[in-house]
Amino acid sequence: MPSHHVHESEIGDVRLRCPKDGTLMEKSRVASGGVTVDRCAKCGAVWLDKHELERILAAGAADKVDLGPFGKDKPNGPIAPLQCPRDRSIMTEVADARQMHVLVMVCSECGGKLLDAGELIDLANFTVGERIRAVLKM
Ligand SMILES: [Zn+2]
Ligand SMILES: [Zn+2]
């Protein structure tokens, strides 16, 4: 592999490591949202920079980003503090404002979010459901 010096201007294109298992994440471009997300091929976690979650949900592209849960079941219980793959800040677990059972790891430093496999689809489905309910005024 040729050595490659990373310049400041290229930081946005640097491959990130999955905060959960250290695997190099793969870039995935979402055409409809104009967003490039990072996804871990090992655990399926998706890293979204600030505002990318909103853009993906607005574009209805969650199922193109989120490959769904990997393996049989996802680990429950407390997990070790995870570091932001961009700035190494300790991320905090925050319940989604609209869907309290979805816990998203958020970096307060850069506003990035780490979603477990399946969580993005979960959030998107809720959003669609909410829209329908709003229309029906249930
Ligand atoms: Zn991973
Ligand atoms: Zn960060």
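Thresholds, definitions, all that
Residues numbered from 1 in each chain as written. Chains lettered and ligands numbered in written order. Predicted model: local features only at pLDDT ≥ 70, side-chain atom pairs only at ≥ 80, totals over all residues. Heavy atoms only, no water. Helix = DSSP H or I, 4+ residues; strand = E, 2+ residues; numbered from the N terminus. Buried < 20%, exposed > 50% of the residue type's maximum accessible area, 1.4 Å probe, protein only. Lys, Arg positive; Asp, Glu negative; His and termini not counted. Salt bridge = Lys/Arg side-chain N within 4 Å of Asp/Glu carboxyl O. Polar contact = N/O pair within 3.5 Å; in protein donor to acceptor, adjacent residues only side chain to side chain. Contact = heavy atoms within 4.5 Å. Donors = N, O, S within 2.8 Å, 3.2 Å for Na, K, Ca; no water. Pairing = 2+ DSSP bridges. Axes fitted to C-alpha atoms, helices over the stretch in contact; angles between N-to-C directions.

Caption draft 1: Spatial organisation of the side chain of Arg39. Note on placement: Arg39 falls in strand β2 (residues 35-39). We note that Arg39 is buried and unpaired, the nearest opposite charge coming from Glu26 at a distance of 5.5 Å. Within polar-contact distance, the side chain of Arg39 engages the backbone oxygen of Val65 at 2.6 Å. In this view, Arg39 contacts Met25, Glu26, Ser28, Gly44, Ala45, Val46, Lys64, Val65 and Leu67; residues no more than four positions away in its chain are not counted.

Caption draft 2: Representation of the coordination of the zinc ion (ligand 1) in the model. For the zinc ion (ligand 1), the protein coordination sphere consists of Cys18 (SG), Asp21 (OD), Asp21 (OD), Cys40 (SG) and Cys43 (SG), at 2.3 to 2.6 Å. Ordering the donors of the zinc ion (ligand 1) by residue number gives the pattern C-x2-D-x18-C-x2-C.

Caption draft 3: Fine view of the environment of Val102. Inspection of the secondary structure assignment puts Val102 in the loop between β4 (92-95) and β5 (103-106). Separated by 16 residues in the primary sequence, Val102 and Gly118 have C-alpha atoms spaced 9.9 Å apart. Those residues in contact with Val102 that sit more than four places away from it in its chain are Val94, Ala95, Asp96, Glu119, Asp122 and Leu123.

Caption draft 4: Highlighting the sheet that holds strand β1 (residues 26-30). The strand order β1-β2-β3-β6-β5-β4 describes an open sheet built from six strands, whose pairing is antiparallel. Two strands lie at the open edges of the sheet, namely β1 and β4, each paired on one side alone. Averaged over all pairs of adjacent strands, the angle between their axes in this sheet comes to 35°, without regard to strand direction. In terms of strand pairing, β2 meets strand β3 (residues 46-48) through two bridges, oriented antiparallel. What sits directly across from Arg39, in β3, is Val46. Sheet strands touched by helix α1 (residues 52-59): β2, β3 and β6 (113-115). Its angle to β2, the strand with the most contacts, is close to 110°. Where helix α3 (residues 119-136) meets the sheet, it contacts β3, β5 and β6, and its direction lies at approximately 95° from that of β6.

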